[in-house]
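Residue-level structural notes
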Amino acid sequence: MKKTLLLVVLFLIVSLAGVNAQNLLINGGFENWDNSTTPSTWSKAESTTQESTIVHGGSYSAKHEGGTKDIAQTIAVEPGKMYEFSV
């Protein structure tokens, strides 16, 4: 009984830990574009074009066309706070 209760409590803690998670990137899925080579809200997008054939979710993605490879967006972070980054 104690093991079952412990497993249920651990499951609830792990499940609820992701509830407060939020994506700090704006337009992280590349759905919005200013034009065919400039994704909205991204401060730098070199050799990138709008793609509508191969997408992860939604209608668009970003396609690297060769050349330089930089893509950047400035986000606000707080000192001492932990962040999880995934690509």
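Notes on the structure in this doc start here. Numbering of residues starts from 1 in every chain and runs along the sequence as written. Local features are withheld for residues below a pLDDT of 70 in this predicted model, meaning they are given only at 70 or higher, and side-chain atom pairs are given and counted only at 80 or more; totals for whole chains, interfaces and linings count all residues. Computation of side-chain values: all heavy atoms of the structure, hydrogens and water removed.

What about the side chain of Thr48?
Only DSSP runs of H or I covering at least 4 residues are called helices, and only runs of E covering at least 2 are called strands; the numbering of each starts at the N terminus. One can find Thr48 in strand S4 (residues 48-51). N or O atoms closer than or at 3.5 Å make up a polar contact, with two conditions inside protein: a donor-capable atom paired with an acceptor-capable one, and, for residues adjacent in sequence, both atoms drawn from side chains. Within the structure, Thr48 has its side chain in polar contact with the backbone oxygen of Glu46 (distance 3.0 Å). Here, residues are in contact when the closest pair of their heavy atoms is within 4.5 Å. Residues within four places of Thr48 in sequence aside, it is in contact with Trp33, Ser36, Thr37, Ala62 and Lys63.

Observations regarding the pattern of salt bridges
We count a salt bridge whenever a side-chain nitrogen from Lys or Arg sits within 4 Å of a carboxyl oxygen from Asp or Glu. Under the counting rule described, the total for this entry stands at three salt bridges. Here Asp70 and Lys44 are joined by a salt bridge, their closest N and O atoms 3.3 Å apart. On the criterion of sequence distance, the pair formed by Asp70 in the loop between strand S5 (61-64) and strand S6 (71-72) and Lys44 in strand S3 (residues 44-45) is long-range, its members being 26 residues apart. A relative accessible area of 38% places Asp70 in the partly exposed class. Its relative accessible area of 34% is what places Lys44 among the partly exposed residues. When the shortest N-O distance is used, the salt bridge between Lys63 and Glu51 registers 3.9 Å. Burial classes: relative accessible area under 20% of the type maximum marks a residue as buried, over 50% as exposed, and values in between as partly exposed (1.4 Å probe, protein chains only).

Considerations on unusual backbone geometry
We note that Thr41 has phi near 70 degrees; this positive angle belongs to a residue other than glycine. Structurally, Thr41 can be placed in the loop between strand S2 (38-39) and S3. On the accessibility criterion, Thr41 (44% relative accessible area) is partly exposed. Unusually for a residue other than glycine, Ser47 sits at a positive phi of about 55 degrees. Mapped onto the fold, Ser47 is located in the loop between S3 and S4. By relative accessible area, which is 26% here, Ser47 ends up partly exposed.

Quick word on the packing of aromatic side chains
Put simply, two rings from Phe, Tyr or Trp (the six-membered ring, in Trp's case) pair if the centres are within 6.5 Å, and we call them stacked under 30 degrees between planes, edge-to-face over 60, tilted for the rest. For the coordinates displayed, the defined rule picks out two aromatic pairs. A centroid spacing of 6.4 Å and a plane angle of 40 degrees characterise the contact between Phe30 and Trp33, whose relative ring orientation is tilted. For the pair Phe30 and Trp33, a shared accessibility class is recorded, and that class is buried. For the pair Phe30 and Trp42, a centre-to-centre distance of 4.9 Å together with 15 degrees between the ring planes defines the contact as stacked. Pair noted here: Phe30 is in the loop between helix H1 (2-17) and strand S1 (33-35) and Trp42 is in the loop between S2 and S3, with a separation of 12 residues, a long-range link.

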